[in-house]
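Fold and contact review
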Amino acid sequence: MAGGVGDAPRGDGELLTIGAFARASRLSPKALRLYDELGLLTPDRVDPRSGYRHYAPAQLERARLVAWLRRLGMPLARIRGVCELTPDAAAGAVAAYWAQVEADTAARRDLAAFLVDQLSRKDTVMTEPLTPVTMRCAALTDQGLVRPAQQDAAYAGPRLLAVADGYGPRGGPAATAAIEALKDLEHRDLTSADLPAVLEEAAHRAHRAAPPANEASGSTLTALLRNGSQLALLHVGDSRAYVLRDSGLFRITHDHSLVQSLVDEGRLTPEEASSHPQRALLLRSLEGGTAFAPDLQLLEARPGERYLLCTDGLTSVVPAGTIQAVLTTADDPDQAVRDLIRLAREAGAPDNVGCVVGETVAA
């Protein structure tokens, strides 16, 4: 601990009671007791008989730093680490933390905007009839420039969009089987069906047919099933779905990966996650012997929207802003998927790429 920012020699001047130290540091006595228990701010002396805590005036610098970092919202475990650093290193750690906060805030802002849009649509649906829609669509896969085999699969039909990203020795067949398990939904009568339930049951069939866990093979699956203006979204793994509307491009899936869980916990920044050595490790997927727990959503579609389903071979090398530009300017879904694949290849295409674009148009 010696030499860390906020550290100073103790014992210079008269010791302060916990109440006096709390007033001087702008920390409550309750907080000081907690920080003592955590080893973050240990009193200079504790009376062996009464248990009263006493602090040295020189500890105020560290206490004030702790108070400032708490006002930033920094977790206590991270504050402890910052307090052990030299001033220059601590400054870098605070800057890195704030960059993460801003990235997280941007992601939450996008999600909030999407939810506002969705809820506003639901209110409109109650008062105004929806415009019937149909869908123009296109799908394309590419092996990329590095992988020895193609393990991505993609499908685009007027009622079903789907992508799957296989992994392991039997990843290619697993991804293809996942898509095949959904294809018969194109021809089913879904007029009165519970769309999410129908899509989930088809995906369950794909999961039951997945390679056993001892083969370390499986697949992601992200799919949209349409009936009229309703869209059911099913997602498991780290492939992604986006929707482009008048209000912007929204990512409507959340990665089921180790690095995403570390980002959610504040242990990695999004930038660190993109280069993490375990970024390909999935927490949920279609793999035999594992629990099947997909995310399910029900969306209302309107004419003029574009939906993108893609594997991480695209999103890992093509920025979201570029994806939005392509979806906005492409003449049709076919051009959009070709342009996205081309951009992935121009960026080195270290992985297989699978893209599906669907555009809703008035029926």
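Just above, that's the structure.
The rules we used
Residues numbered from 1 in each chain as written. Predicted model: local features only at pLDDT ≥ 70, side-chain atom pairs only at ≥ 80, totals over all residues. Heavy atoms only, no water. Pairing = 2+ DSSP bridges. Helix = DSSP H or I, 4+ residues; strand = E, 2+ residues; numbered from the N terminus. Patch = residues over 30% accessible without salt bridge, like charges linked within 9 Å, V, L, I, M, F, W, Y side chains within 5 Å. Areas by Shrake-Rupley, 256 points an atom, 1.4 Å probe, with all protein chains shown as cover. Salt bridge = Lys/Arg side-chain N within 4 Å of Asp/Glu carboxyl O. Buried < 20%, exposed > 50% of the residue type's maximum accessible area, 1.4 Å probe, protein only. Axes fitted to C-alpha atoms, helices over the stretch in contact; angles between N-to-C directions. Phe/Tyr/Trp six-rings, centres within 6.5 Å; stacked < 30°, edge-to-face > 60°. Parallel < 35°, antiparallel > 145°, perpendicular 65-115°, else oblique. Left-handed = near helix turned anticlockwise from the far one by under 90°. Contact = heavy atoms within 4.5 Å. Nonpolar A, V, L, I, M, F, W, Y, C, P; charged D, E, K, R; others polar.

The subject of this paragraph is the sheet that holds strand β3 (residues 53–55). Strand order in the open sheet formed by three strands is β1-β3-β2, and the pairing between neighbours is antiparallel. Both edges of this open sheet fall to β1 (16–17) and β2 (45–46), since each of them pairs with a single strand only. As defined by bridge partners, β2 adjoins β3 across two bridges and the pair is classed as antiparallel. Bridge pairing in β3 links V46 to R53.

Turning next to a nonpolar patch on the surface. Judged by side-chain polarity, L111, L115 and L119 come together as a nonpolar surface patch covering roughly 290 Å² of accessible area. Structurally, the position occupied by L119 is in helix α5 (residues 87–127). For L119, a relative accessible area of 57% gives the class exposed.

The subject of this paragraph is the sheet that holds strand β14 (residues 353–362). Pairing in this open sheet of five strands is antiparallel, and the strands run β4-β14-β13-β10-β11 from one edge to the other. Strand pairing shows two members of the sheet lacking a second neighbour, β4 (133–142) and β11 (248–251), which therefore form its edges. Going across the sheet, the axis of each strand differs from the next one's by a mean of 15°, ignoring polarity. Pairing geometry for strand β10 (residues 240–245) and β11, over four bridges, is antiparallel. Across the sheet, residue V243 finds its bridge partner in β11, namely F250.

What the rule picks out here adds up to one aromatic pair. Ring geometry for F21 versus Y55: centroids 4.3 Å apart, planes at 10°, classification stacked. With F21 in helix α1 (residues 18–25) and Y55 in strand β3, the pair connects residues that are 34 residues apart, well separated along the chain. Accessibility assignment for this pair places F21 and Y55 in one class, buried.

Before going further, it helps to examine the packing of helix α11 (residues 320–329) against helix α12 (residues 333–346). Their axes nearest at 9 Å, the elements α11 and α12 cross at an angle of 150°. With respect to each other, α11 and α12 are oriented roughly antiparallel. Judged by the twist between their axes, the crossing of α11 over α12 is right-handed. Here α11 contributes T322, I323, V326 and L327 to the contact with α12, which in turn contributes A336, D339, L340 and L343. Taken together, the residues that form the contact of α11 with α12 break down as six nonpolar, one polar and one charged.

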